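The primary structure of each chain is shown beneath.
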Amino acid sequence: MVNCRCGLLTLKQEPVPLKSVEVEVEVRDHVATVVSTLNYENQEDNPLEAVFVFPLPGDAAVCHFSAKIGQTEIVAEVKEKQKAREEYDDALSSGQQAFLLEESEQSPDIFSLSVGCLPPKESASIRLEYVTELAVQADDGLRFCLPAVLNPRYQPQGSGDQGGSNIQMTSIPASKVPYSLSFCARVSSPRPVVKIESNCSLDPLQYLNTEQTQATTKLAAGHKFDRDVEVLIYYKDAHQPTAVVEAGEASAKPGTLMGDPAVMLSLYPEFPQSVMSSVASCGEFVCLLDRSGSMGVQLNNSENHQSRIGSARDTLLLLLKSLPLGCYFNIYSFGSSYEHIFPKSVEYSQKTMEEALKKVGEMEANLAGTEILRPLQHIYSQPCIQNQPRQLFVFTDGEVGNTKEVIDLVKKNSHLHRCFSFGIGEGASSALINGLAKEGGGHAQFITGTDRMQPKVMQSLRYALQPAVIDVSVSWDLPKDMSVSVLSPPITALFQGQRSLVYAQLSGQIPEAAEGSVTVKYTLAGQPSQNQFNFSLRPAEDSGLTVHRLAARALIRSLEMENRESKDQQDESVKKKVVELSVQSGVSSAFTAFVAVNKGDGEAIQGPLVQRNVPTAKMLFAVTQSLQIAYNSFSAAAPKGGRSFFLKGMFSTKSRKKRSVERSQVSTTKKSEKSGVAYTEQCLSFDSEDMCESTGLRQRDPLLQLVSLQKASGCWDLAPDLAAAVGKTSEEVEKQKPASVSQEVWATILSLIWLHGFKMDSKDEWELLAMKAVSWLRAQNVSCVEECVDAGNALLGCKVQKDVLGL
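Residues numbered from 1 in each chain as written. Predicted model: local features only at pLDDT ≥ 70, side-chain atom pairs only at ≥ 80, totals over all residues. Heavy atoms only, no water.

> Explain the overall build of the protein here, please?
Within the protein one finds 19 helices and 39 strands. Pairs at least 24 apart in sequence give 76% of the contacts found in the protein among residues at least 6 apart. Total accessible area on the protein is roughly 33100 Å²; 48% of this is exposed by carbon and sulfur atoms. (Helix = DSSP H or I, 4+ residues; strand = E, 2+ residues; numbered from the N terminus. Contact = heavy atoms within 4.5 Å. Areas by Shrake-Rupley, 256 points an atom, 1.4 Å probe, with all protein chains shown as cover.)

Right, dumping it as structure tokens:
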């Protein structure tokens, strides 16, 4: 058997120059400042260049980069990207120590750090600082994620925006990451901190004051940086609107973004419960499911060895059963190619639902790469259905390289639909998942650690079924002689319990103890509404420049997108604006990079420069036995007498020549003429769930078993499978049925009682389909509901009240 690995080539046994990562997080209300220190050590006999490619949150604003060698600290400057690269290359050619930090040109959540000319036996500490917003979760928690896993990104051939990047990637199984992580977090808020949770082991929470508005925690000792670190922070009264005013930088010119005060609004409009509890009975629901090889990875939380694709199939079952009669739907799946169940969206009925579920049940992670752009283009080319608002649900593990191109396409079509995105598993691109939802006016969810996919997807479906909030506007009321310039894109979507952040620049003199107010107007269910709140214009103390940097980041992203949308792809005027703003604010962009050169005493470092690519964690998704399966499947790809390796779409590497770097392109399929080795993009596709099913190890969840029996109308048939799902025999169910009631009514009431009696902890998953069942029952004008409920309780041993069922 060939000695092959799942993942990219690793390190060929060379010493790893990155020894440890130290992270300090300062959370202030719903914004985090993150300081990462990366400690390098060159244990080799030659000068070393270490290249480390790593992920950051997609909306992070990198605002500081410095290096410390011995007692010498060098602070990097932000410069136009090509100039920064040339300065770095020139320094290395001269034998000087240099450092370069740059953002990938394909995706804003991937960065490359080059540590150049580190002398033999020398150590260096790299300090990286960024600020980021914290997303609000369904349970009111604020989510902070420190990405560790960087899955290789698949770049489709012929994709646009391939403007040369030196970003390159090596990855190894997460369990073999050779560097450690220390992590501590300090949290402060005007409201008490209720609790902090994590997918990793934390030391007990320690409060720093009696009001419990400040707290600290850290990772338990011994943690390896082998997974994303997710932290959930819970405040009391989390959904209050807030405004933070921040003074400008004293050394910056007045009238500029950094010189003027800036404000960050956090808006939480409250909608009437009577309106939000109603569910739409129309819409075109289009699901787009990732079936690339990596979707065969086992979910971390899966006790029954379920894979990502297996969980997605179960989720689509729940989603299809929860759709309202009268809507339209279709399901697409994609990998290197794409498929659809119906040529165009069809009306939701028992027949179309059954046909879709049959094909969903056959879906496997067997479509190779991750080319999401082409199916999206096809979906957008389909005409919209009159009076059926299009709602797009995208399920992916996010391993794509052309992130910006995909997001641009969604924004271009944002007026035609809303997009709800789901990042599945460790390493999903936050830039892709958040970008799809933000530009598509929808909502983003991440399924990691112990998360279940089903409740998160059903929450988004509830959002999609809520009455749409339209005609959103934000107006300001400020003291005389003050003006405001909004830097954020206009708000296009508002959801119950979801936050919208608005950044703005304030001009003019701020009076003492002055107040401003903001009014949010919108139309909901045909009725105009508004929310207003007042805020102090007095700048917050000790806030640093966090708001300014996040505001600069928001404006930079808008300008970058404007540049990509321009007919002239190299719109120099927009690019110039981005570079000026990036340099002025010290915040990274696609057109700039951080560069630092240690000129020291001017003596050149002697010896040949050796390059080492520091590996990043990649989640290993197959057991040892599966390697033989993969080898047999793809051995035909190897040249005669050669060897076959399984590589996920990677960033290829090229050596620097005269330090004038020819930036690498993504490699998908190539053949080495020298070695006779074939590299195939088709990643090992192994669905561990299927192995369990074939050996009888996995039994279907009783909840999903019951849900699978529900009809499109909302009712259930009285059948042996239903009896088995509720834990009874057919004879017991038939015997207990009231004589005057139909079999369908009895089966439907029995199912509702079982859901309320035994599955209340999963109510988020079945609530919508239960509402559909109740609507069906009401339409039957059943006269003996109370008798049926009593009989059902007696049979199942429950005490569920009729009112609780909604009857």
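> It is not clear to me how the side chain of Q137 should be interpreted in this structure. Could you clarify?
Among the secondary structure elements, Q137 is positioned in the loop between β10 (135–136) and β11 (142–146). Discounting residues that sit within four places of it in the chain, Q137 has contacts with R143, L232, K456 and Q498.

> I keep staring at the packing of helix α16 (residues 743–758) against helix α18 (residues 785–796) and nothing clicks. Help me out?
The packing of two helices is summarised by the inter-axis angle and the distance between the axes. At their nearest, the axes of α16 and α18 sit 9 Å apart, and the two run at 55 degrees to each other. In terms of orientation, α16 lies oblique with respect to α18. Crossing angle aside, the handedness with which α16 passes α18 is right-handed. Here W746, I749, L750, I753, W754 and F758 of α16 lie close against α18, whose contacting residues are C788, V789, A791, G792, N793, L795 and L796. Split by residue class, the contact of α16 with α18 holds 11 nonpolar, 2 polar and no charged. (Axes fitted to C-alpha atoms, helices over the stretch in contact; angles between N-to-C directions. Parallel < 35°, antiparallel > 145°, perpendicular 65-115°, else oblique. Left-handed = near helix turned anticlockwise from the far one by under 90°. Nonpolar A, V, L, I, M, F, W, Y, C, P; charged D, E, K, R; others polar.)

> Could you clarify how one ought to interpret the packing of aromatic side chains in this entry?
Two descriptors summarise a pair of aromatic rings, namely the distance from one centre to the other and the angle between the planes of the rings. Here the structure, examined in full by the defined rule, presents 12 aromatic pairs. Ring centres of F65 and F594 lie 6.2 Å apart, and the angle between their planes is 75 degrees; on these two criteria the pair is classed as edge-to-face. With a gap of 529 residues between them, F65 in strand β4 (residues 61–69) and F594 in strand β32 (residues 592–598) connect regions that are remote in the sequence. With centroids separated by 6.2 Å and ring planes inclined at 25 degrees, the aromatic side chains of F144 and F183 adopt a geometry described as stacked. (Phe/Tyr/Trp six-rings, centres within 6.5 Å; stacked < 30°, edge-to-face > 60°.)

> Which parts of the structure should I look at to understand the packing of helix α3 (residues 308–322) against helix α17 (residues 763–779)?
Relative orientation of the contacting elements α3 and α17 amounts to 25 degrees, with a least axis distance of 8 Å. In terms of orientation, α3 and α17 fall into the roughly parallel class. Considering only the axes of α3 and α17, their crossing is left-handed. Every residue of α17 that contacts α3 at L318, L320, K321 and S322 is listed here: E765, L768, L769 and K772.

> Honestly, the sheet that holds β11 in this entry has me stumped. Any pointers?
Strands pair in a sheet through their backbones, by hydrogen bonds, and they do so in one of two ways: parallel or antiparallel. Read from one edge of the open sheet, 4 strands run β10-β11-β17-β14, paired in antiparallel fashion. Edge strands, defined here as strands with exactly one partner in the open sheet, are β10 and β14 (193–198). Alignment of β10 against β11, held across 2 bridges, turns out to be antiparallel. Counted as the bridge partner of A135 is R143 from β11. (Pairing = 2+ DSSP bridges.)

> Whenever I open this one, the layout of surface pockets confuses me. Can you help?
A probe matching the size of a water molecule, rolled over the atoms, marks out where space remains unfilled. Within this model, the second largest pocket holds a volume of roughly 1100 Å³. If you trace the second largest pocket, you find 41 residues lining it, with A138, D139, Q459, R462 and D764 closest to the centre. Breaking the lining of the second largest pocket down by element, the ones donating at least two residues are β14, β17 (229–235), α2 (273–276), α8 (453–465) and α17. If you tally residues by element for the lining of the second largest pocket, the top one is α8, at 6 residues. (1 Å grid on protein atoms, 1.4 Å probe; cavity = no way out; pocket = protein on both sides within 12 Å on 5 of 7 lines; lining within 4 Å. Points joined across faces, edges and corners; volume = space filled by probe spheres on them.)

> Can you walk me through the pairing of β4 in this structure?
In the case of a regular strand, side chains alternate between the two sheet surfaces. The buried fraction of β4 amounts to 7 of the 9 residues, a majority that puts the element mostly inside the structure. Of the strand pairs in this sheet, β4 and strand β5 (residues 72–75) are connected by 4 bridges, and their pairing is antiparallel. When the bridges of β5 are listed, S66 appears paired with V75. Taken together, β4 and the strand that follows it, β5, pair antiparallel across an intervening segment of 2 residues, in which G70 is found at a positive phi of about 65 degrees. (Buried < 20%, exposed > 50% of the residue type's maximum accessible area, 1.4 Å probe, protein only.)

> Where do I start with the environment of I510 in this structure?
Structurally, I510 is set in the loop between β29 (500–507) and β30 (515–524). A sequence separation of 249 residues divides I510 from P261, and the C-alpha atoms of the two residues are 9.3 Å apart.

> So what exactly am I meant to see when it comes to helix α9 (residues 546–565) here?
Counted at 1.5 Å a residue, the expected span for α9 with its 20 residues is 28 Å, and the 29 Å between its end C-alpha atoms agrees. Of all 20 residues in α9, 15 are buried, a share of seventy percent or more. (Expected span 1.5 Å × (residues − 1).)

> I'm lost on α3 in this one. Help?
Every α-helical turn comprises 3.6 residues, leaving residues that sit three or four positions apart pointing alike. Its 15 residues give α3 an end-to-end C-alpha distance of 21 Å, which sits within 8% of 21 Å, the value for a rise of 1.5 Å per residue. Among the 15 residues in α3, 15 count as buried, and that is most of the element.

> How should I be thinking about unusual backbone geometry in this particular structure?
One non-glycine residue with positive phi stands out, namely Q212, at about 60 degrees. Inspection of the secondary structure puts Q212 in the loop between β15 (206–207) and β16 (214–218). Positive phi is not limited to glycine here, since N781 has a value of about 50 degrees. Summarising the element assignment, N781 is placed in the loop between α17 and α18. Of the residues examined, N781 reaches a relative accessible area of 65% and is grouped as exposed.

> Help me out: how do you make sense of the pairing of β11 in this one?
For β11, the tally of buried residues reaches 5 of 5 residues, placing the bulk of the element in the interior. The turn joining β10 and β11, which pair antiparallel and follow one another in sequence, is formed by 5 residues; a positive phi near 75 degrees is taken by D140. Note that β11 and β17 share 5 bridges and pair antiparallel. When the sheet's bridge partners are listed, R143 is paired in β17 with L232.

Shape descriptors only; they carry no functional weight alone.
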